[in-house]
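A closer look at the structure
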Amino acid sequence: MPVYKLHYFKSPRRGRAELSRLILSQAGVEFEDIRFAHCEWPAIKPITPFGHVPILEVDGQVLAQSNTIARYLAKRHGLAGKDDWEQALADMYAENIHDLLNAVAVPFTEKNPVKQKEMYQKFMRDVIVPHVAAVEKQLKKNNTGFLVGNELTWADLAYYAYFSDFLEVKFGSAFLKNAPHLKALIDRVKELPNVKKWTEFRDSTYPEDNE
Amino acid sequence: MPVYKLHYFNLRGRAELARLIMSQAGVEFEDVRFERTEWPALKATMPFGQVPVLEVDGQMLAQSNTISRYLARKHGLAGKDEWEQGLADMYADNIGDLMTGMRPAFLEKDAEKQKELYEKFMTETIATHVAIVEKQLEKNGTGHLVGKELTWADLAYYGFFSFLVEKFGEDFLKDASHLKSLIALVEELPNIKKWVESRPKTEI
């Protein structure tokens, strides 16, 4: 087994490294979960390939870009999809989440609380509601309980991380009331033994993540 | 050979990389382009209300880099092994970020402000990235971004950086001889040359 070292900030709430941590945890693969304080970043930045994190060190070689890292790990550990087409579908869902992360970063970083509340409302209404409707349709069509094919892939973990571990925690489940398939999916992922083991471990070990 | 239909606006934008990949691979495809006025009606027919979308024998795939990666893998342009494929993905994601980074300037309506935003983008975001990629190219030492052969990563950098040269001139590449050579290398590939000469001429 190669030595995996995942490097990322200590906070905000898990951010773009969490999907890789979920993939590794679900696959039962050990990894060094390196988290550094924001004040250490100026010293670390120049030694990253492109000046950003997360980065994954694999036996000394470095890979950057959160979804690239997640996809690489998913492929190596049986969570990528059964064939080229399924792998592409899983990629597509992961890139949807990437776009949604970019979209929520805008209200997330707004300092004025009144403006922030407005921005979050607009975001939920204009971005999340249509996307939830579209994904609910796809889940119904696929009809296996999973986003891709008939097994768990990293796409399901990506949707869990964003919709359950982030949005549901922040806004409650009201936005999922018309999306029973999506709700069932994220609840199923939440209860997977290895996912549960990981979330319980990280919530007690890294309380500063819970903002 | 499956039937490929690529759906997008009449632009290069986020569909051009897929077109470059299919052209380089010598693969036929239906290059479906629609006007902005047609989009509201078409939007509902796309899986996530966005384009580009690749139709493969009737099934639909969304997300520009997903489409490009799928085509690259099916047609020998993805990288030799899992690690190379990871590196190629990483470079393609870089280009995705740069395109996203350019959007605020692109969308700015005020001409003065737009000029400022583009200037900032080029002198900060692009200059920094060019310096880093130049170093990676030197380190790899093969003329290509990944391994020793052409991958979709090279096509991605060609697509975006040749657009920047078109728009802003090549001064910003004056200290990046390896990146400049890479762009020239791709430009001269017979299948790329043929595509670029025959494709519809669009602003972006």
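Since this is a predicted model, take the numbers as computed values, not measurements.

The rules behind these values
- Residues numbered from 1 in each chain as written.
- Chains lettered and ligands numbered in written order.
- Predicted model: local features only at pLDDT ≥ 70, side-chain atom pairs only at ≥ 80, totals over all residues.
- Heavy atoms only, no water.
- Salt bridge = Lys/Arg side-chain N within 4 Å of Asp/Glu carboxyl O.
- Helix = DSSP H or I, 4+ residues; strand = E, 2+ residues; numbered from the N terminus.
- Buried < 20%, exposed > 50% of the residue type's maximum accessible area, 1.4 Å probe, protein only.
- Contact = heavy atoms within 4.5 Å.
- Core = buried A, V, L, I, M, F, W, Y, C linked by side-chain atoms within 4.5 Å.
- Buried area = accessible area lost by both parts, 1.4 Å probe.

Looking now at the pattern of salt bridges. All names here are of chain A. Across all of its chains, the model carries 30 salt bridges over all chains by this definition. Here D187 makes a salt bridge to K183, at a shortest N to O gap of 3.2 Å. Here D187 and its partner K183 are both found in helix α7 (residues 180-190), 4 residues apart, which amounts to about one turn of the helix. Judged by relative accessible area, D187 falls into the partly exposed class, the value being 28%.

Residue and element names in this part refer to chain A. Position of K190 relative to the elements: it lies in helix α7. Linking K190 and A43, residues 147 residues apart in sequence, is a C-alpha distance of 36 Å. The contact partners of K190, leaving out residues within four places of it in the chain, are Y160, S164, E168, V195 and K196.

We now examine the nonpolar core. Counting residues in hydrophobic clusters, the biggest one holds 139 residues, and the most contacted among them are I128, Y162, F163 and L182 of chain A together with F161 and L179 of chain B. Examining the composition of this core, we find that 11 residues originate from one element, helix α6 (residues 154-171) of chain A, more than from any other. Among residues more than four places away in sequence, those in contact with L179 of chain B are V130, V133, E134, L137, Y157, F161 and L173 of chain B.

Take the interface of chain A and chain B next. The parts lose accessible area when they come together, and the size of an interface is often stated as this lost area. The interface of chain A with chain B comprises 31 residues on the first partner and 30 residues on the second. Of the roughly 2800 Å² buried at the junction of chain A and chain B (both faces included), carbon and sulfur atoms supply 56%. At the surface where chain A touches chain B, the tally comes to 6 salt bridges. Between D89 of chain B and R71 of chain A there is a salt bridge whose closest N-O contact spans 2.8 Å. Mapped by element, the contributors of at least two residues to the side of chain A that touches chain B are β4 (61-64), α3 (66-76), α4 (84-108) and α5 (113-142) of chain A. If you tally residues by element for the side of chain A that touches chain B, the top one is α4 of chain A, at 12 residues.

Note that all results are geometric; they support no functional claim without further evidence.
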